[in-house]
Amino acid sequence: MAPLVAPQRPGFLARLLGGTWCLLCVAGQVCGDPSQGAVFLREFTLIRRESLHDDFLSDLLNSHKTEDLSSRAARSEEDRDSLWDAWGPWSECSRTCGGGASYSLRRCLSSKSCEGRNIRYRTCSNVDCPPEAGDFRAQQCSAHNDVKHHGQFYEWLPVSNDPDNPCSLKCQAKGTTLIVELAPKVLDGTRCYTESLDMCISGLCQIVGCDHQLGSTVKEDNCGVCNGDGSTCRLVRGQYKSQLSATKLDDTVVAIPYGSRHIRLVLKGPDHLYLETKTLQGTKGENSLSSTGTFLVDNSSVDFQKFPDKEILRMAGPLTADFIVKVRNSGPADSTVQFIFYQPIIHRWRETDFFPCSATCGGGYQLTSAECYDLRSNRVVADQYCHYYPENIKPKPKLQECNLDPCPASDGYKQIMPYDLYHPLPRWEATPWTACSSSCGGGIQSRAVSCVEEDIQGHVTSVEEWKCMYTPKMPIVQPCNIFDCPKWLAQEWSPCTVTCGQGLRYRVVLCIDHRGMHTGGCSPKTKPHIKEECIIPTPCYKPKEKLPVEAKLPWYKQAQELEEGAAVSEEPSFIPEAWSACSVTCGVGTQVRIVRCQVLLSFSQSVADLPVDECEGPKPASQRACYSGPCNGEISEFNVDETDGLFGGLQDFDELHDWEYEGFTKCSESCGGGVQEAVVSCLNKQTREPADENLCVTSRRPPQLLKSCNLDPCPARWEIGKWSPCSLTCGVGLQTRDVFCSHLLSRELNETVILADELCHQPKPSTVQACNRFNCPPAWYPAQWQPCSRTCGGGEQRREVLCKQRMADGSFLELPETFCSASKPASQQACRKDDCPSEWVLSEWTECSTSCGEGTQTRSAVCRKLLKTGVSTVINSTLCPPLPFSSSIRPCMLATCARPGRPSTKHSPHIAAARKVYIQTRRQRRLHFVVGGFAYLLPKTAVVLRCPTRRVRKPLITWEKDGQHLISSAHVTVAPFGYLKIHRLKPSDAGIYTCSAGPAREHFVIKLIGGNHKLVAQPLGLRSEEEVLAARKASTKEALQTHKHRNGIFSTNGSKAEKRGLAVDTGSRYDDLVSRLLEQGGWPGELLASWEVQDSTERNASSEEDGNAEQALPHLPFTMVAEQKRLDDILRNISQQPEELRDLYRKHLVAQLAQELFRSHVEHQDSLLKPSEQRIPPVAIPPHKHVSGFSSALRTSTSSQAGGGPRRPQRKPAILRKISAAQQLSASEVVTHLGQTVALASGTLSVLLHCEAVGNPRPTITWARNGEEVQFSDRILLQPDDSLQILAPVEADVGFYTCNATNALGYDSVSIAVTLAGKPLVKTSRMTVINTEKPAVTVDVGGTIKTVQGVNVTINCQVAGVPEAEVSWFRNKSKLGSPHHLHEGSLLLANVSSSDQGLYSCRAANLHGELMESTQLLILDPPEVPAQLEDIRALLSATGPNLPSALTSPLGTQLVLDPGNSALLGCPIKGHPTPNITWFHDGQPIATAAGLTHHILAAGQILQVANLSGETQGEFSCLAQNEAGMLWQKASLMIQDYWWSVDRLATCSASCGNRGVQQPRLRCLLNSTEVNPTHCAGKIRPAVQPIACNRRDCPSRWMVTSWSACTRSCGGGVQTRRVTCQKLKATGISTPVSNDMCTQLAKRPVDTQACNQQLCVEWAFSSWGQCNGPCIGPHLAVQHRQVFCQTRDGITLPSEQCSALPRPVSTQNCWSEACSVHWRVSLWTLCTATCGNYGFQSRRVECVHARTNKAVPDHLCSWGPRPANWQRCNITPCENMECRDTTRYCEKVKQLKLCQLSQFKSRCCGTCGKA
C-alpha cells in the first residue's frame, strides 16, 4: 500500500480521482495521520469521503465502544442468529463507465469472530466509456508521473495481461525497459485482461459474465447475444476460385454485411486480398492489406497474416460497415479463397402487440400478428424480406381471451373468483386413424382434424380453423403397412432321380415374407410347380420303365402338390387333425378326422375358427378306409378295384415319421462362388411338425445335398465419394463427387482394382447435382465500368447497377430498386487519378505593336500541369519542353506610314542585293551567298544564304521558296538576323528563294548541275504546267529575251511593274549560256597552271564523293563568278545576230567568257569580297596560294592520293591543337578550335567547333559532350568536314565537347569548353566504373566508382572558366587538407579500403560563380560463404518449421525426401553490395523448369520446392553475383519413390476342390523395401490374372449341420446336429462317403451339446395392500402389491432376469368409503344484464362427502367433470338499440375479417354492417 500514498505530495490521488478518497485497511487501526483523512479497513477499497456516513465513521474509529443497538437498522432473523449486523447501503461505483464495482459492508456484533465475509460486491456503471476517456489502468499509472521513483520522475505506461498477478498495478517507464509494481492492487473495477470482462476486486480477479454479473459464467453466442441460442444469425461458409485474366485484374470474393462476426478467410495461391468498405452513412474506403499486422478499418479490427503461398484474414466483429473482400491478380495460377462467418439475420419477424379486445367486459378475444423488421434501418419492411431466410419462421397469430371481468350492474360480482374465469383456448382435436387401405405393400390411413372450443359449461363445439393456427395443425394422412407382401421363392432343382434315361427332379418352393422368414400368406394359385421330368443322355441297358421313376426320397412328399403343410397361418386355411383309430379291429373299416377352417391372429398369437366358406381351395378328406387284418383267419373276398380304391397309399401307413428336405442354408458367399447345404429334418407326416431325429429311420436319411451358389464373379460396381460443398449459397449451385468403377480381386486380401467406366453395367451414379435451389435475396449486380472520360488529370467513369434476384432455376429477375435493402454500389467513380504531362498554354496574339509599317505581335506562354485532382496549376517553365522562339513573337506589317512633305519610301526597308551568277565546278563543303543572284551548284553542297537589310528589325525578315513560306526543319535552317542554310543540296532544293523585309523582296535562284555537267531539271511535282511546257519548248531565242529585265532578278525594291515580272519565268534565262559554258572544252592552258599544284588528295576526296559531277573538270577552279550585266550583254549580242550566224557567234562569245572568268578570278580575287564580309571558318592554306572567296570548305586532310602518288606510312590519329582566340565572323556566330574556351553571350546565334585530325588510315571523327555521345538534331549539326555546329545555343548546351579521332592503330581526343558568360565549368562523366581486376583506375569526376580494395583511384577534375577557376576537393562535404595527393585538379586515393568509401566532390570557383561535381566511391566485397550460418538456419526454421531443409555449399549437399514432399533450400551468402541470388535446376533457370512448383523467399536466400517427384528431383544451385564477382553453390534433392512390384505367386486359395486360385502377389516397394500398400495408392497397378491351382479331389472331411432346438428352455437342455463324412470332387460336387475315411484324417466333431443352462425364473408377488390410493371414481380407489423375480427355488433375483416373462399387474381398483364424494352446486345468481350479449351469472361449485355432506378437497372429485360455475344469460336483443360502433378499433376488425364472429359483430355493428 505504501507506494500509492506519496508523502511528498499528499494531494496527488485527489487530483487523479477528482475528490478526497479514503484508504481503508484493517478495522480499528488508524494507519497514518488522521488529520490527513486516511483510515484503513480490511478488504482494501477506495471510497469517497462524502459517501461515508458520520455514524459509520464513528463506529469505525470507536469500534471498542459499546454499540447502541437502537441506532442500527432492523436485522433479519438470519443475520441476528449469525451475530452479523444488517448489510449497509451500497457504495458509489468505483467507476462512472466501463464497468466498475460497488460494495456493501456489515459489522460483526459478537466479541468473538463471525463466520463469513464483512464485505460484498456487485458490478455497476456497465456502460461503455467515451473514446476520450482513455484506459483505466493507464490513468492509474499516470497518477504516479509526479512522484519520484529512485529520485527521478518518469512517465508511466500500463503493463497489461500479467499472467502471474493481473490485479497488481505494474507500469513501464516510457522509453525504457524499466517495469515497476507501483501498487499491489489496481482500483476495483479494473479489467484483469484487456480482452476479458473479468475485473479486479480487492486485488483478486473475479469472473464476470456477458450479463455483467459477478460470478456469472454466461457467454455470448456466435451471434453476439448474451446467453443466446444462436438463432439471430446464420453461418455462411463457401469457397471462391479466382478466374482472373489480363483484362480482369480483380474480382469480388464475398460481401460481408454490417454486424457480421467471427470472420475468417484463407487465400491459397499467388493472388492478393484487399478490402472495400461502406459505412451505413455511405462513406467508402479501401485497404490494400499490404503487410502482416492488425489494422483498424472503419472502427473494425482486422488481423491480417501474409505468407508466401497464402493469406489469412480474421475479423472478430461485429463489423461496423459493409465489407467487400476482393482478390487482385498477382500471378499466372488460380487462387482459392475459403471463407466462413456468422451473418446477422437483419430481417426478422417481430410479433406485434395484441390487437384491442373484442369486448370491453364480460370476456372477449384478441389476436397478435407478425411484421418483418429491418434491424439496420429500424423500420418495418415488406414480408418478403423475412421469407428469404429459412431460419425465419413467421410466428403464428396468438389468440387469447381478454376483459374477462364481468360488466358493471352485476349483483354477484364479488362472488366470482379469478380462477373460476378459466376459459381454455381453442385446440386441435383428431378422430382415430382409419384402417390401413392395404395389409402389405404400402397403404394409407386418414383421420379428421378440426378446431374445437370448450365453452364455460364444458361443451365442445367446432369453430373456424384460424382460431387454432397458433399451433401447427396435426397431419390428416399417413402411410401404413409399407412392407412388401409375401411371395413364392423357388430353390434350385435336385439332381435327376436316375442315372440313365428318363427320371424326375424336384425343388423346394417356400413362401417368404418381407423379413426373409418362411411364412404363410402366399396365393396357392401362383405357386411354382415342384416336380418335373428329366432325361439323362446316357442310354440304359435294361428295359425302360414306362413311367418316370418316382423318387424314393422325401422329395416325393413335396411332390404332393395338393398336400401342403398344415401349419396355421395368418391366411384362413384348412387344418386337419390326426386320424382316429380304425373303426374295426379286423377287416376293412374307416378312419375319420376333423378338418377346421382356422386363422392365426398375429396380435394375440392365438388360433380362431372360421366358417368353412372363408377358406379357399379343396377341403382335405375327413374320412378314409382302413384295414385291420383278416378276421378269425378268414380271407375275405373283395373286389380288387374296390380294394385299390380303399387302400390307396396303404404302403406308407407304417411310416408316421420320415425325413424331408426343408430348404437350404444361406450361401456361404454373396458372389464369386459359395456353397449351400440342404437342411434335412425328421417330420411327423400327419401334423408336419418337426420330431426327434430318433423317430425317423436312420438308414433312410437322405444323403447330404450340397450345391454351389452365387457362382457369378463379383460384378464391377460403382464406388461413390462424398458430395462436395455447394458452390453457391442460393440460386442454384452445384455439388460434385468422385464416382469410379471398381472390382473385388480377392476376399482374403480385400484388394480392389479400378476399372474403366464401361465395365460397370449399372447406370453410373451422377457426379454432379444441383444444390441450394432456392431464390437468393435481391442483391445489387453492377455491370463493367465504362471507359474513363479523360486519359489523365482525374476523369469519371460510369456503370449500370441493377437490383436483381437470382432465382432457383439460375436465371435472374430484374426488380425495382426498393427490393434491394443493402446500400447501392456506386454507379460512378473517379478514374485516371494521375497527373497529366506538363504543357505550354499560349494566349492569343496581341495587336500589332505599330499602327502602320512593320511591327511585332507577341503572346504569353504559361507552363501548366493538370493534376490528378482535376485542378490546373502553373509550374516552373523548366518542367515544360523547350518552346521555339517563333511561338511567342512574330512580325506584322501594316500599311506604309506616310509623313507630310516627305517621300514615303525614303525610310522604307531596303535589301542590299548582289547581282551575280555563280557556277560551281568542283565539290565544296559549304558556300555562302547574298540574295539577288543565280547559283548553278553541285549536289550535296551546303548553302548559306544571307539577306543584308537596312531600316528593318532583323527578326522581321521572312523567307519563301517558290511562293511558299519557309520554316526551319532538319534540312533547312531559317536562322535569325536574315540567314538561311540548306544542308547538302538535293534536286528538290532547286527553285526561287525570296527574302522579305516589310515591302522589300529579293530573290535568289538555285539550279543543280547533274552528271555530265547537264543542268538537273526541276522535279515535276515542284513545277507548274507552264514551267513544264516552257522547258519542253526552250530555245535560244526565248532565253535571249530575258535580257530585257533590268540589272538584277526581279528585285522588288522597285516599281509594281517589276514585281509583276515574277510571273515571267526569269529563273531560266541564263540556263542555256551556263550549259554551253560547262560543256566548253577549250579552257586556256596557261590559266590552268596555277591550279595543277592543288593537292591531288583534295581532288581525290571530292571525286570520291561525286565522280560524275566532276569527272571531266578536274582542272577547273572551285567556283566561277560572273556579273549578271555581263551575261545580259552577251545574250543581247546573240539575240541581235542573224539566225544563221547565232550558233557560231554564241560559241565565240562563250569561249571569250571563259577566258574572262579565269582572268578575273586570278587578278581580282581579293576584290571580290571584303574581309569583313567573310562568313567562312579559317582553313589551312599555304601562304603563296590565293584562295577563292568561295573555297571555304577546303579539306586539310593530308592522306595520300588514292592513285599515282607514293604510299604514305600508317600512323595513329593526332588532333591538331590551335591555341588561338576564338574567331568571330559576326557578333552572332562563333568559330573556334579545340583546346580553347568559348564563352557564350546573349547574342550568340551559332557556335562552330572545328576538329582537324591527321592519321593513316584516315581517322573517324566522333563528338561527345560531358562524356556522352552528342545527339544531333536540327539545332546541333555535324558538318561534312566533321565540325560541330550549334545553332541558337541555350544554357543546356554548356559543357565540355570532346572530339575523338579513331583509326585501327589507336585514338586521340581533345576537349573544348563551352561556358555561359565565363562561369566555371567542370568536365564530368556520368558513367559508373566497376573495377574488379586492375591495380589502378582513373575517372572524370561526376560518376560512380565501384572497386575492390587495394586499388589506386585517381579522380580527375578538369575545369574551365573565364577567368580560370580554382579547384577545391571535399569528402562527404568536408574539405580535404594537404595530406591528400592533389595534382593539377586531380585527386589520388592510394590503396583504397572500406574506410575510403564516400562522396568526393570537386568545387570550381571564379568571380562569375562556382560549380560542384561529385563522385561516389563504393568498395566492393565479392560474394562468399559466411562463417556463421545461424542466421540463415533460423530463417529456414521460421519459414517452414516442419519442412525438411538443407543449405547449399560450393561442394554440394544432398537431401533425400519422400515423393510429394516439400523442402526448403537455403543459400548462405555475404558480400557488398548485397549479392543478387538466382536459382537453377539442373543447370536451367528455375523459372523455366517444367512441372516444378517453387517459391523464392527471403530475397532469394530461400527456395521452397513443393510436391517433389521423380521428374523434378536433381541438382538445385544458387548463383550469387554482385559487381565484385560471383559464387556458385549447389544441393541435390533425391526422391525415394514408391512403386508396385509383381512378385511370386501367392499361396493357393484352396488346397483342393474346384475353387483354388493363385493371385500374383503385388508388393509396394520403396527403394526395394516393402512398405504399407497405402503408399502406392496413387500408382498404376500392373495387370494381374489369377491362375487356377489345386484343382483336384479333396480328402474326405467332416460336414456338420446346424444345431437343433434346445430340449429345454431353461435349467439345462440338450441340442444335437448331424455329422457326416463328405468328399469334395474336383468338379465341385460333394458326395457322402464312409465315416472311416474321415476318422483317419480328423477327429469326428461332437454332435451333442448342452444348452439353455440359465436358471428357471418366475414372477412372484405379495398380497394386495390397503385401499387408500387416489380416487378414480365413485367409491373407487387404487391398491398396490409388490411384484418380484425369483427362481423356482424361491431365490430372489433382479427384475431384469424375468424380463422375458409377462409381468403380473401391481395395481388394481378397489372400493373405498373415502371416495364417496360428488360435486355440489348452488343456485345461479341473478343475470348481470336483462338483454344484450354481455349478461352472465355464476354459482358456487364444491366437492362434498356423500355421507357427511361436508366439503372436502376438490382433488377428491377430480375423477368427474367439474360443473360450470359461470354462464351467459339473457342473450336477447335490447329494444330500440341503434346499430353503431362501440369501440374505436372496428376498422382493424374489418381488415382482419373478424366481422363474422358474433362478439366482434355486435361491438362493431356500424362498420360490420357496411361490410
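Residues numbered from 1 in each chain as written. Predicted model: local features only at pLDDT ≥ 70, side-chain atom pairs only at ≥ 80, totals over all residues. Heavy atoms only, no water.

Let's shift gears to the environment of Val-1683. Structurally, Val-1683 can be placed in strand S117 (residues 1683–1687). Judged by its relative accessible area of 11%, Val-1683 is buried. Each C-alpha atom of the pair Val-1683 and Ser-1662 lies 6.6 Å from the other, and the pair is 21 residues apart in sequence. With near-sequence residues (within four places) excluded, Val-1683 lies in contact with Trp-1659, Ala-1660, Phe-1661, Arg-1703, Pro-1704, Val-1705 and Ser-1706. (Helix = DSSP H or I, 4+ residues; strand = E, 2+ residues; numbered from the N terminus. Buried < 20%, exposed > 50% of the residue type's maximum accessible area, 1.4 Å probe, protein only. Contact = heavy atoms within 4.5 Å.)

A word on a nonpolar patch on the surface. Taken together, Ile-444, Ile-476 and Val-477 make up a surface patch of nonpolar side chains, about 270 Å² in accessible area. Its place among the elements puts Val-477 in strand S29 (residues 477–480). (Patch = residues over 30% accessible without salt bridge, like charges linked within 9 Å, V, L, I, M, F, W, Y side chains within 5 Å. Areas by Shrake-Rupley, 256 points an atom, 1.4 Å probe, with all protein chains shown as cover. Salt bridge = Lys/Arg side-chain N within 4 Å of Asp/Glu carboxyl O.)

Turning to the environment of Arg-117, a few remarks are in order. Locating Arg-117 in the fold gives a position in the loop between strand S3 (100–105) and strand S4 (119–124). Spatially, the C-alpha atoms of Arg-117 and Arg-106 are 8.5 Å apart, while their sequence positions differ by 11 residues.

Ordered in space as S10-S19-S12-S17-S16-S15, the six strands form an open sheet in which the pairing is antiparallel. Single-partner strands in this sheet number two, and they are strand S10 (233–241) and strand S15 (293–297). Across the sheet, the mean angle separating the axes of adjacent strands is 15° when strand polarity is ignored. Two elements, S10 and strand S19 (residues 336–344), share nine bridges in a ladder whose sense is antiparallel. (Pairing = 2+ DSSP bridges. Axes fitted to C-alpha atoms, helices over the stretch in contact; angles between N-to-C directions.)

Turning our eyes to something else, we now look at the packing of aromatic side chains. For the coordinates displayed, the defined rule picks out seven aromatic pairs. Aromatic pair Phe-934 and Tyr-1070: ring centres 4.9 Å apart, planes at 80°, arrangement edge-to-face. Residue Phe-934 is located in strand S60 (residues 934–937), and its partner Tyr-1070 is located in the loop between helix H10 (1056–1060) and helix H11 (1071–1079); the two are separated by 136 residues in the primary sequence. By the burial criterion, Phe-934 is buried, and Tyr-1070 matches it. (Phe/Tyr/Trp six-rings, centres within 6.5 Å; stacked < 30°, edge-to-face > 60°.)

Summed over all chains, the structure comprises 40 disulfides. Each disulfide pairs two cysteine sulfurs, and for Cys-210 the partner residue is Cys-226, the sulfurs being separated by 1.9 Å. Disulfide Cys-210 to Cys-226: torsion about the S-S bond roughly 85°, handedness right-handed. With a gap of 16 residues between them, Cys-210 in the loop between strand S9 (204–206) and S10 and Cys-226 in the loop between S9 and S10 connect regions that are remote in the sequence. The class of Cys-226 is partly exposed, set by a relative accessible area of 30%. Between the sulfur of Cys-947 and that of Cys-995 lies a disulfide, 1.8 Å long from S to S. Judged by the sign of its S-S torsion, about -80°, the bond between Cys-947 and Cys-995 is left-handed. Residue Cys-947 is found in the loop between strand S61 (942–946) and strand S62 (949–950), and its partner Cys-995 is found in strand S67 (residues 991–997); the two are separated by 48 residues along the sequence. Just as Cys-947 is buried, Cys-995 falls in that class too. (Disulfide = S-S within 2.5 Å.)

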